[in-house]
Amino acid sequence: MAGDKVESFLKSELKKKNTLLFVLIDSEVSNLEASSKLAKDVEKIGASAILVGGSSATDQIEMAQVVKGIKKGLKIPIILFPGNVTGVVPDADAILFSSLMNSENPYFITQAQALGAPSVLKFGLEPLPTAYLVIGDGTSAWFVGSARGIPFEKPKIAAAYSLAAQFLGMRFVYLEAGSGAKTHVTPEMVKTVRHAFNGFLIVGGGIKDVKTAESLAKAGADALVIGTFLEKGGSIKKLEEIAKAIQRSK
Ligand SMILES: CC(C)=CCC/C(C)=C/CC/C(C)=C/CC/C(C)=C/COP(=O)(O)OP(=O)(O)O
Ligand SMILES: O=P(O)(O)OC[C@@H](O)CO
Ligand SMILES: [Mg+2]
């Protein structure tokens, strides 16, 4: 079995930093060379993990190559972020073993997990049990995952799902506004979930500036995920400012 190396690493990072930065690399968007350089650059500026995935990343061979390629010389963990069973590939350190709890399709709640679990075991990936909650609508994760998006202005609903996740034994909650979302999750929702949920709280979707990142970190997020900002040519220097701000901001 894979043990709890990555979960322990993340907890030890949280002792040093208030909120961690996770960078999402979409294997469909960047080629291997660009992804590999990006992973090393973001490690240098203090990112704590690299997530690899995409809601429409169905090319398992391409994804496996990207994971294998960026792993070379990288110290921070590579965590798979699957949108389907095709997102389970070898050579990563862990996987967000997530259930889209507010999906209308049971496939995304338990069936993809059942189909993917044997490969997780075979590849020796550390499963991080994650309640993946899609907030709002109109994004790829919302559409592909048949989510009934939790309204942005209903933090109590997100908190109730997070508490349910905790009672079900999940140690991670991911509040997802969706990649490239126009609206990010509100600090108020993060605060409300933080009070209800006693585990590792990941927040992502539409975060691209220091002010937003800082407000989400102050509200109690344990990690912020940033993807589109870099895909759209955002600078590593600005990402470093974001990293620094959230790491010291509680
Ligand atoms: C645990 C296993 C094997 C599968 C989980 C399956 C689940 C719950 C999927 C959730 C639904 C879903 C489609 C999630 C997408 C997550 C993801 C990787 C989002 C980031 O990618 P985007 O950037 O939105 O993707 P695109 O670039 O393709 O739009
Ligand atoms: O691409 P962005 O908007 O940074 O979102 C990151 C992640 O939460 C998407 O799954
Ligand atoms: Mg994407």
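The shown structure was predicted, so the numbers you read here are calculated from the model rather than taken from an experiment.

Participant: When you look at helix α10 (residues 236–247) in this model, what are you seeing that I'm missing?
Facilitator: Each α-helix winds once per 3.6 residues, and so residues spaced three or four apart point in a common direction. Over its 12 residues, α10 extends 16 Å from the first C-alpha to the last, a length consistent with the 16 Å expected when each residue adds 1.5 Å. If you check which residues of α10 are buried, you get L239, I242, A243, A245, I246 and Q247.

Participant: For this particular structure, what's the right way to read the site of ligand 1?
Facilitator: In the region of ligand 1, 21 residues are neighbours, and D26, S55, S56, S140 and S179 sit closest. Contact between ligand 1 and D26: an oxygen atom at 2.7 Å from a side-chain N or O atom of the residue. Within the backbone of S55, one N or O atom sits 2.7 Å away from an oxygen atom of ligand 1. Judged by the proximity of its atoms to the pocket grid, ligand 1 belongs to the largest pocket. Taken together, the elements giving at least two residues each to the shell around ligand 1 come down to β4 (94–100), α4 (111–122) and α5 (140–144). Element by element, the count of residues in the shell around ligand 1 is highest for β4, at 3 residues. Across the shell around ligand 1, the residue classes tally to 10 nonpolar, 10 polar and 1 charged.

Participant: Can you walk me through the UniProt feature "binding site: Mg(2+)" (unreviewed entry) in the protein chain in this structure?
Facilitator: Mapped onto this numbering, the UniProt entry annotates "binding site: Mg(2+)" (unreviewed entry) at D26 and S55. The annotated residues occupy 30 residues of the chain but converge on a single region, no pair of C-alpha atoms lying more than 9.0 Å apart. Among the annotated residues just listed, those that line the largest pocket are D26 and S55. Along the polypeptide, D26 turns up in the loop between β1 (20–25) and α2 (32–44). If near-sequence neighbours (up to four positions away) are discounted, D26 is found in contact with G53, G54, A57 and E231. Tracing the chain through its elements places S55 in the loop between β2 (49–53) and α3 (60–71).

Participant: How should I be thinking about the sheet that holds strand β7 (residues 200–204) in this particular structure?
Facilitator: Each strand in a sheet pairs with its neighbour through backbone hydrogen bonds, running either in the same direction (parallel) or in the opposite one (antiparallel). With respect to topology, 8 strands assemble into a closed barrel ordered β1-β2-β3-β4-β5-β6-β7-β8, the strand pairing being parallel. In this sheet, neighbouring strand axes are inclined to one another by 30° on average, regardless of whether the strands run parallel or antiparallel. Where β1 and strand β8 (residues 223–226) come together, 4 bridges link them in parallel fashion. Among the inter-strand pairings, L20 is bridged to a residue of β8, identified as A223. Against the sheet, α3 makes contact with β1, β2 and β3 (78–81), and its axis sits at roughly 165° relative to β2, the strand it touches most. Contacts from α10 reach β1 and β8 within the one sheet, and its direction differs from that of β1 by about 145°.

Participant: When you look at the UniProt feature "binding site: sn-glycerol 1-phosphate" (unreviewed entry) in the protein chain in this model, what are you seeing that I'm missing?
Facilitator: Within the UniProt annotation, "binding site: sn-glycerol 1-phosphate" (unreviewed entry) is assigned to Y174, L175, E176, A177, G178, S179, G180, G205, G206, G227 and T228. Residues from the annotated list that form part of the lining of the largest pocket: E176, S179 and T228. Here A177 shows up in the loop between β6 (172–176) and α7 (187–196). Taking the relative accessible area as the measure of exposure, A177 reaches 2% and is therefore buried. Apart from residues lying up to four places away in sequence, A177 is in contact with I135, T139, F152, T183, H184, V185, G204 and G205. Positionally, G180 belongs in the loop between β6 and α7. If we ignore the near neighbours within four places in the chain, the residues touching G180 are G206 and T228.

Participant: For this particular structure, what's the right way to read the environment of Y174?
Facilitator: With respect to the helices, strands and loops of the structure, Y174 is situated in strand β6. Looking at Y174, the relative accessible area reads 2%, which means it is buried. Between the C-alpha atom of Y174 and that of I157, which follows or precedes it by 17 residues, the distance is 14 Å. Apart from the residues within four sequence positions on either side, Y174 is in contact with F81, L96, T130, A131, Y132, L133, I202, V203, G204 and V225.

Participant: Just checking my understanding: could you explain the packing of helix α8 (residues 210–219) against α10 for this structure?
Facilitator: Pairs of packed helices are described in terms of their axes, by the angle between the two and the distance that separates them. At a minimum axis separation of 9 Å, α8 and α10 run at an interaxial angle of 25°. On the basis of their axis angle, the class for α8 and α10 is roughly parallel. The hand of the α8/α10 crossing is right-handed. Residue-level contacts link V210, A213, E214 and A217 of α8 to E241, I242, A245 and I246 of α10.

Participant: What am I meant to see in the packing of aromatic side chains here?
Facilitator: Two aromatic rings are characterised by how far apart their centres lie and by the angle between their planes. For the structure on display, the rule yields 7 aromatic pairs. Aromatic side chains Y132 and Y174 sit 5.2 Å apart centroid to centroid with 90° between the ring planes, which places their arrangement in the edge-to-face category. Taken together, the positions of Y132 in strand β5 (residues 126–134) and Y174 in strand β6 put the pair 42 residues apart, joining distant regions of the chain. Classification of Y132 as buried rests on a relative accessible area of 10%. Between the aromatic rings of W142 and F143, the centroid separation amounts to 6.4 Å while the plane-to-plane angle is 50°, which identifies the pairing as tilted. For W142, a relative accessible area of 27% puts it in the partly exposed group.

Quick notes on the rules
Residues numbered from 1 in each chain as written. Chains lettered and ligands numbered in written order. Predicted model: local features only at pLDDT ≥ 70, side-chain atom pairs only at ≥ 80, totals over all residues. Heavy atoms only, no water. Helix = DSSP H or I, 4+ residues; strand = E, 2+ residues; numbered from the N terminus. Expected span 1.5 Å × (residues − 1). Buried < 20%, exposed > 50% of the residue type's maximum accessible area, 1.4 Å probe, protein only. Near = heavy atom within 4 Å. Polar contact = N/O pair within 3.5 Å; in protein donor to acceptor, adjacent residues only side chain to side chain. 1 Å grid on protein atoms, 1.4 Å probe; cavity = no way out; pocket = protein on both sides within 12 Å on 5 of 7 lines; lining within 4 Å. Sits in = over half its atoms within 2 Å of the grid points. Nonpolar A, V, L, I, M, F, W, Y, C, P; charged D, E, K, R; others polar. UniProt positions renumbered as here; feature names shortened; annotations may be inferred. Contact = heavy atoms within 4.5 Å. Pairing = 2+ DSSP bridges. Axes fitted to C-alpha atoms, helices over the stretch in contact; angles between N-to-C directions. Parallel < 35°, antiparallel > 145°, perpendicular 65-115°, else oblique. Left-handed = near helix turned anticlockwise from the far one by under 90°. Phe/Tyr/Trp six-rings, centres within 6.5 Å; stacked < 30°, edge-to-face > 60°.

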